[in-house]
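Chain by chain, the residues:
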Amino acid sequence: MQQAVEQATNPAPLLSVNNIEVVYDDVILVLRGVSIEVPQGQIVTLLGPNGAGKSTTLKAISGLLKTEDGEVTRGEIQFMGERIDRKNAEDIVRSGIFQVMEGRRIIEDMTCIENLRLGAFTRRDRQVQQDIEMVFDYFPRLKERTGLAGYLSGGEQQMLAIGRALMARPKMILLDEPSMGLSPLLVKEVFGIIEKINREQGITMLLVEQNANFALRAADYGYIMESGKVVLDGSSQDLLQNEDVKQFYLGGGNEERRSFKDLKSYKRRKRWL
Amino acid sequence: MSDVPLLKVEAVSLAFGGVKALTDISFSVNSGEVFSIIGPNGAGKTSMLNCISGRYSPNQGRILFSGQEVTHLKPNARAELGIGRTFQNLALFGHMSVLDNIMVGRHHMLNNNFFTGPLYWFSPAKREELAHRRAVEEIIDFLEISHIRKAIAGTLSYGLRKRVELARAIALKPDLILLDEPMAGMNLEEKEDMARYIMDLNAEFGMTVTMIEHDMGVVMDISDRVMVLDFGKKVVEGSPEAVMANEHVQKAYLGEEDPELEGTGEVA
Amino acid sequence: EDSVFVGHLADLSGPTAFVGKNYADGIRDAMSYINSHGGINGTGLEFETIDYAYKVPQAIASYKKWVSRNNMVAMQGWGTADTEALISFVAKDKVPVYSASYSGHLTDPTGKNPKTQKPAPYNFFYGASYSDGCRALVQWAAEDWKNRGGSGSPKFTHVGDNHPYPNAPKEACAEYATELGFEVMPPIVVSMKPGDFKAQCLSLKDSGSNYAYIANLGGSVVSLVKSCGTVGTDVQFMSNIWGGDKPIFEAAGAGVKDYIFPAMTPFWEDDAPGMSLVREISRESDASGNAFRSHHYMRGICSAYYMKEAMEWAKENGGITGENIKQGMYARQNWVPKGLEGVCLPATWSSEDHRGINTVNIYKGNYNGGDIKVERVTQVTLPRREDWLGY
Amino acid sequence: MNWGLLLQLVLNGLIVGMLYGVVAMCFVLIYKSTQVVNFAQGEFLLIGAWVCWAFLVHMQLPFFIGFLLTLVFMMAFGVLLQVIVLRPLIGEPIISVIMVTIGLSIFFQALMKWIFGVSAESYPRVFDTEVITIGGLNIEFAYIMSLVISVVIMVAFYWFFKHSRMGLAMRATAFDQQVAQSLGISVKRVFAMSWAISAVVSATAGVVIGMVNGVSDALSVIGIKVFPAVILGGLDSIVGGVVGGLIIGVLENVAEFIDGQYLHVGNLYAIAPFYVLILILCIKPYGLFGTKDIERI
Amino acid sequence: MSTVSLRPCGDFRTSYAADSTIFETRFTRYLAVAGILLLCLAPLVLDAYFLTLGIQVAYLGIAALGLNILVGFTGQISLGHGAFFGFGAFASAWLHNSFGIPVFFCIPLAGYMTMVVGMIFGSPAARIKGLYLAVATLAAQFILEDFFARADWFTGGSYGASAPPVNLFGYEFTNDQSFWYIALFALVTMYLWGTNLMRTRDGRAFVAVRDHYLSAEIMGINLTKYRLLSFGVSSFYAGIGGALYGHYLGFVSAEGFTILMSIQFLAMIIIGGLGSVKGALLGTIFMVMLPEVLEGIVGLLSATSWGNSTAFTDGLAYLKEMSIGLVIILFLIFEPQGLAHRWQQIKAYWKFYPFSY
Ligand SMILES: Nc1ncnc2c1ncn2[C@@H]1O[C@H](COP(=O)(O)OP(=O)(O)OP(=O)(O)O)[C@@H](O)[C@H]1O
Ligand SMILES: Nc1ncnc2c1ncn2[C@@H]1O[C@H](COP(=O)(O)OP(=O)(O)OP(=O)(O)O)[C@@H](O)[C@H]1O
Ligand SMILES: CC(C)C[C@H](N)C(=O)O
Ligand SMILES: [Mg+2]
Ligand SMILES: [Mg+2]
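Residues take numbers from 1 onward in each chain, read along the sequence in its written order. Chain labels run from A onward and ligand labels from 1 onward, assigned in the order the entries are written. In keeping with the model being predicted, local features are shown solely for residues with a pLDDT of at least 70 and side-chain atom pairs are shown and tallied solely at 80 or more, while totals for entire chains, interfaces and linings include all residues. Water and hydrogen atoms play no part in the side-chain values, which are based on all heavy atoms of the structure.

The name an unreviewed UniProt entry assigns to chain B is ABC transporter ATP-binding protein, from the organism Aestuariirhabdus litorea.

For chain A, an unreviewed UniProt entry supplies the name ABC transporter ATP-binding protein and the organism Aestuariirhabdus litorea. Quoted verbatim from the Sequence similarities (unreviewed entry) field of the UniProt record, the comment on chain A reads "Belongs to the ABC transporter superfamily." UniProt positions are given in the numbering used here, feature names are shortened, and annotations may be inferred rather than shown by experiment.

**Here's the deal with the overall build of chain B**
Helix numbers and strand numbers start at the N terminus; a helix is a DSSP run of H or I with at least 4 residues, a strand a run of E with at least 2. When its secondary structure is counted, chain B shows nine helices and ten strands. Atoms considered for the radius of gyration are the C-alpha atoms alone. The globule rule reads 2.2 Å times the number of residues to the power 0.38. In terms of overall dimensions, chain B is globule-like: its C-alpha atoms have a radius of gyration of 19 Å, near the 18 Å expected for 268 residues. The principal-axis extent of the C-alpha atoms belonging to chain B is close to 65 × 40 × 40 Å. Each residue gets one of three labels from its accessible area relative to the maximum for its type: buried under 20%, exposed over 50%, partly exposed in between, using a 1.4 Å probe on protein chains only. Buried positions account for 63% of the 268 residues belonging to chain B. Only four residue types enter the charge count: Lys and Arg as positive, Asp and Glu as negative, with His and the chain ends excluded. Charged side chains are reduced to one point each, which is NZ for Lys, CZ for Arg, CG for Asp and CD for Glu. Within chain B, the 37 negative side-chain charges are centred at a point lying 10 Å from the centre of the 26 positive side-chain charges.

**A word on the site of ligand 2**
Taken together, 22 residues form the shell around ligand 2, and within it Ser-153 and Gly-155 of chain A, Thr-46 and Ser-47 of chain B together with Arg-296 of chain D come nearest. By convention in these notes, a residue is near a molecule or strand provided one of its non-hydrogen atoms lies within 4 Å of it. Those residues lying near ligand 2 are distributed over chains A, B and D. With respect to ligand 2, the backbone of Lys-45 of chain B contributes an N or O atom lying 2.7 Å from an oxygen atom. Polar contacts, as counted here, are pairs of nitrogen or oxygen atoms within 3.5 Å of one another; within protein the pair requires one atom able to donate a hydrogen and one able to accept it, and residues that are adjacent in sequence qualify only if both atoms are side-chain atoms. Tyr-56 of chain B places a side-chain nitrogen or oxygen 2.9 Å from a nitrogen atom of ligand 2. Protein coverage of the free-state accessible area of ligand 2, which is 630 Å², stands at 95%. Going through the elements one at a time, helix H7 (154-168) of chain A together with helix H1 (45-53) of chain B are the ones with two or more residues in the shell around ligand 2. Any residue outside Ala, Val, Leu, Ile, Met, Phe, Trp, Tyr, Cys, Pro, Asp, Glu, Lys and Arg is labelled polar, Gly included; the first ten of those are nonpolar and the last four are charged. Tallied by class, the residues present in the shell around ligand 2 amount to six nonpolar, ten polar and six charged. Using a 1.4 Å probe, the Shrake-Rupley method yields the accessible areas, and only the shown protein chains count as cover for residues.

**Remarks on the site of ligand 3**
Residue and element names in this part refer to chain C. Close contacts around ligand 3 come from Thr-16, Val-19, Tyr-54, Trp-78, Gly-79, Thr-80, Ala-100, Ser-101, Tyr-130, Tyr-165, Leu-217 and Trp-242, and that covers them all. Measuring from an oxygen atom of ligand 3, one finds a side-chain N or O atom of Tyr-54 at 2.6 Å. Side-chain polar atom of Tyr-130 to an oxygen atom of ligand 3: 2.6 Å apart, as the coordinates give it. Contact with the protein chains removes 100% of the 280 Å² of surface that ligand 3 exposes when unbound. In terms of residue class, the shell around ligand 3 is made up of eight nonpolar, four polar and no charged.

**Description of the coordination of the magnesium ion (ligand 5)**
Perfect tetrahedral coordination of a metal by four donors corresponds to 109.5 degrees between them, and perfect octahedral coordination by six donors corresponds to 90 or 180 degrees. Residues and elements named next belong to chain B. The protein atoms that coordinate the magnesium ion (ligand 5) are Thr-46 (OG1) and Gln-88 (OE1), at distances spanning 1.8 to 2.1 Å. Remark: Gln-88 occurs in the loop between strand S6 (83-85) and helix H3 (98-105) and Thr-46 occurs in helix H1; sequence separation between them is 42 residues. For the residue pair Thr-46 and Gln-88, the accessibility class agrees, reading buried in each case. Donor atoms are limited to N, O and S found within 2.8 Å of the metal ion, a distance that becomes 3.2 Å for Na, K and Ca. With water left out, some sites might look partial.

**Considerations on the coordination of the magnesium ion (ligand 4)**
All names here are of chain A. Donor atoms from the polypeptide that bind the magnesium ion (ligand 4) are Ser-55 (OG) and Glu-102 (OE), placed at 1.8 to 2.2 Å. One end of the pair, Ser-55, is in helix H2 (residues 54-62); the other, Glu-102, is in the loop between strand S6 (97-100) and helix H4 (112-119), with 47 residues separating them in the sequence. Comparing Ser-55 with Glu-102 shows no difference in burial state: the two are buried.

**A closer look at the state of the cysteines**
Residues and elements named next belong to chain C. By definition, disulfides here are pairs of cysteine sulfur atoms that lie within 2.5 Å. Counted under the stated rule, the structure contains three disulfides over all chains. Put simply, Cys-134 and Cys-173 are joined by a disulfide, and their sulfur atoms are 1.9 Å apart. Classification of the bridge connecting Cys-134 and Cys-173 rests on its S-S torsion, roughly -75 degrees, and on that basis the disulfide is left-handed. Linking Cys-134 in helix H5 (residues 130-148) with Cys-173 in helix H7 (residues 170-179), this pair joins segments that are 39 residues apart in sequence. Note on accessibility: Cys-134 and Cys-173 belong to one class, buried. The partner cysteine of Cys-302 in its disulfide is Cys-344, sulfur to sulfur 2.1 Å. An S-S torsion of about -100 degrees defines the bridge between Cys-302 and Cys-344 as left-handed. Here Cys-344 lies in the loop between helix H13 (322-330) and strand S12 (359-366) and Cys-302 lies in helix H12 (residues 295-316), a separation of 42 residues in the sequence.

**Quick notes on the domain arrangement of chain B**
Residues and elements named next belong to chain B. An automatic or database domain assignment supplies the residue ranges for each domain. Domains assigned within chain B are domain 1 (1-82 + 174-268) and domain 2 (92-172). For domain 1 versus domain 2, the separation of C-alpha centres amounts to 27 Å. Contacts are assigned to residue pairs that have any heavy atoms within 4.5 Å of one another. Each partner contributes to the interface: domain 1 provides 20 residues, whereas domain 2 provides twelve residues. At the boundary of domain 1 with domain 2, total buried surface from both sides reaches about 1300 Å², with 71% on carbon and sulfur atoms. Any carboxyl oxygen of Asp or Glu within 4 Å of a side-chain nitrogen of Lys or Arg constitutes a salt bridge here. One can count one salt bridge joining domain 1 with domain 2. In this structure, Glu-144 engages Arg-196 in a salt bridge whose closest nitrogen and oxygen atoms are separated by 2.9 Å. Elements that contribute at least two residues to the side of domain 1 that touches domain 2 include exactly helix H2 (75-81), strand S7 (176-180) and helix H6 (188-203). Take the side of domain 1 that touches domain 2: its biggest share by element is seven residues, from H6. Here the residues of the side of domain 1 that touches domain 2 sort into twelve nonpolar, one polar and seven charged. A quick way to say it: buried area is the sum, across both parts, of accessible area lost when two parts are put together, with a 1.4 Å probe.

Now the structure itself:
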């Protein structure tokens, strides 16, 4: 693959998270030494069960942790060779990392267009209007909704949140569960868009997803986190083949697809624990 | 009793200004069923649940619960009648502990008030609180969240919050439980757990379930009947297989051109 | 005993600090002057000034503290609200209070007048009561009306806040005005805080009032005079004793034309035998001796000196206790503290009547484009009417 | 019924109300961009008025120079306030920030009293014509001036929030500081700007009122008076703030009319707006122009 | 066991009753009882000055807890608490003066009267929320203040009313020493009441309404009822506090209950920590002690030659006021979530000590 070659020639990754520890509220230790590397131009995905610390990792990178009384107490985060774990969130955005936060977090008392314009807040060029049209092309539903964004349906808000990230044209996007609440058709479309802008605009992605199938298919590399630690990582091909991943994230290891109806009384133990 | 559906929605329409969120929707949910509502984003699914639980009042139509008209009852009155629900955008009490969040679900079953409650040791309040606490602990055990019992709900991760929401809704002891995308933000393993909880609720606790979900695997596997909405209109209603076979559903909702993804666990 | 404790309540920072500071300086300077000149025949005055910012609860708390912990024998007080609130306390504790509140309610020691709500046996003040002051002004107004050749009955309006201090003379004065043939208009409520009072001035103007009694003080008076000037009210202002002094005239500017107000002492520039002592006392806090002192300052001195002489009497007649000080106040008639002749007017207190002074000097102030002029208009001596006692 | 008086009072109310409106706008500005209810609004007025007074009286500067210097001073003051006091509170609960403004109010109220004393002081005469007559009512020239200024400020604010990039950023910050940061908006800059603008504009109002009524610590009560104005208009509406101010101004004066002519209870002037406020809120819970909260789950 | 453990270092509780107790260990319960007993002995050792402060903490603390129930627990900001406090004071004085009811019973009755008034003024809460409601309570503040100065029959008008001391079985609680017991009794009762309220049904409903009123309603909570009720409960507390204050001071004056007092109550609960019963008390202690401590510092200063100049002594009041403002600001900059939050953190820290995470 072309990107793999690039990576080989350019050893310093765009983003590297080195062994960070994160503490909330001065007392609650959530990440216990997490290291992640995201090479330039690639899509890297981060999988893991609820409460593993995925969102926390993203917030640590984007600097938003500080507004939640969280703190990186050990380790460091480097972006383009520069240390960013001490920087303000807004400066990090300016240096090119944009996060799509979990739970949509659109600005409810503004219209869709105003939300999109805000996505482009750090941009100074004149193509904002053009990009708004682009987002409306991706998500035609948004164009019809002229009222306040707070009245949009859950899925529509999710579209808006993704659209807002596209407006920013950053170097790197951190996506926290972009497919959440989207209809199956749209999930496919969103992953299509992610791959497209990664390819066309060369935007690097760090993707947190529960939909492991799609995520691993789209990504070049994957990490799996559990209870604040990375427990497994590898190229997406490798992960797709891994027995445990198949069992717990993709569904159906050896057999056909398991039915949700079959209650399991026996659970296979995870080997990485 | 069995001939009266637990929930009957008759020709409900709802519009916000120009937006027609629901147009002339009728359906009924029988006691003991798992009934799913699916449809594209913005189809009006959540609005439908809001009409049932009382957040919105429909412009037209009636809603009957166990044969009683509830169309214009306030939400809290409907909760007392036995309608519980979870929310698509989490709506927990962020600063309360998980335990207290779930205890709020018991609100309508408790009798102590601002006068007897504070007399705790000298009134029946203590006994009552503890009895309900016991029931709540059972729910906690059932949903396997005992490790976060004392955690503050607002600090939990997304998936855990969804679980607590479910617990709170169960605590209401509703006859009808409305679930708005219970599986969102869960990985496969957690979805499996969640599916199991829902089936248990249905089979063992005898709750009738009405659920909105985008994960077709789950919908197919555990629902008895499925209704499809699109642009506020009802498209079809029937058994999961029948619904899935519907051409409109396939095109507008599933986007069925990608057979490659089919066999891999999630019919995404 | 070589010292006795006197509490001093002052408003140095609250809504009446405008004049409160002047008066408090008078008290403080007089006390320290007394102390440095032999005290009460050898007994020192231990005193503490508390800035209670014109807040009643704070005043009561300070009072209770002094009584329980400092064994206070007398108190120099300030406002009407707090002094009236303390009436029963001080009567019970037998602590004479010299207030700067000239509320008529404080003048009936026995409750002889059926209108008296609470007898005030331990309250004293130096000066004519607000009610008597206002009565004197009304009396002057009646004459003024005649002199101007006004026909019909002139209209009188009380202008002030709904607050114990402005309210104190409200009924008494209106009653007397009616008696003198005035038509008394509904009072106009104007906040004690400065502000834009054009609305009230329009009302005043519309009512066609000829004489308006200003019951507030300080900034509020300034705003009132200015607002009414803008609106163009044609009314003769008469204020109570706290509402007329140089700083007010300076701030109110051109609006001050023939502004009538009472005073109980000479002014700083005036000559009187006692003024030399006043000037010396003033040096206690102003070594240069150049600082301007308003007439409130001098009333403060008088108040302290009446207390001083009553204490001297008490010391000779059984010791400086609250009860004896009270008796000391009754020991003489028509008296002026030694050294303050011409500054304090001769006063008489009796166990039946605490109206120390019933003579009111009335002055007229003019802004004159910055060259402020104050001249005496007349002197009114009011009868000590029984039905005026205590209100 | 005394129509002439009523008319004059209403006119007077409109003119005074316009000033409330200006202060209300400042209040809305801060609220709209930071969600903070500024209890120190009255002190901004007070500081502006005193500083300008000091320039004019102590330094004997000509009015316009003194006034401009005051505006510069207030801008610096607003920014400084943000840097020292408000910046550390970014991301903390809004109620804490509100409490801080209460602290600021206490602090500056005392500081001003300490520096400038408790007496009311007059501004030197600024305009040749101090009073002009409209419809039988004498009106201070300064008020007419301020009327013009307020309209200009109002239009500028309106445009600013509706169309400018920074205006959008301010609204976003008010909605959710974390989200704003995630969009690259500098919450600090937003705070600094809104506090500086608010300080400058309030100071203008302070100077105008000072010119008319003299300066004294009581100026700061305007800070409390704008509460009903702002709420009547709708907390987040610039236009609402102005309309609310006008309504309160007129209401006060009409109350004075009714009181003076018929009821004679006294003090209706100060209290009536609050009764009306409660009534209006019960009919229109978000004031006249306020946007409804989004109630959606 | 050689040392007494202050806190259990694991979850040893075996019953739900033990789990929902106020005091987490037997030790803390003993500690609390011992603390109260110790406080009962205070008049024997403490000088009247400290007793006065203690009494102030008691009556203000009760009212502050009430406000915290309204603001902290139910999320409805009130700017009129001072007026409700005043209403309680007047009501109690009025009940005694006009009907001769023994003061001891006037106090709770005044609480109930205030509760009714609070609910009347809180009734807009059925329709309005947030700051709009806050300003409606501001209206209540001014309307009540005006009422105090006008209602001669009830308050004695602008002059105020006298409030005789508490009298029980012929014993008059006039001085600080005896009133201390009344205050302590009221404080402990009202705080236990509040603590219990917050761990039972209605207390949870309050918090639910604050955190997410839309979902609270769907969980079966009657919003209007609880919004009003929280006004009721909070004014009840204010009324009790006010009544105690009135009878302690002996006189109730119409101008004592200004917006400043309301703001002071707000400061107490914000500094103490919103939504914490303990916080209300901590905040009250802070706000009562603050001026005293400042006074002490200033006292020390005035002993120096510089501190004795008139410019300084006359500015004292302003300096003190400024420092109060300043301390509030500094406090919030360093502890924006209030004392109760810090308390939690310290506890959490010690719980895990020496493994601080
Ligand atoms: N603000 C906070 N204060 C305290 N603890 C927090 C806070 N935010 C998150 N946590 C804790 O940190 C842990 C990790 O949370 P995080 O949100 O990162 O999980 P996640 O991997 O994103 O899970 P999910 O898939 O459910 O979103 C959780 O146990 C959570 O309780
Ligand atoms: N309160 C409201 N005001 C205005 N429009 C609304 C309101 N509630 C819903 N809508 C609109 O009604 C339509 C249906 O919304 P609804 O939330 O029911 O969709 P949904 O089917 O749940 O979609 P999703 O799967 O994305 O959650 C949407 O287009 C939405 O914008
Ligand atoms: C000057 C003052 C307002 C105080 C005055 N002594 C009074 O009666 O209240
Ligand atoms: Mg997450
Ligand atoms: Mg939905």
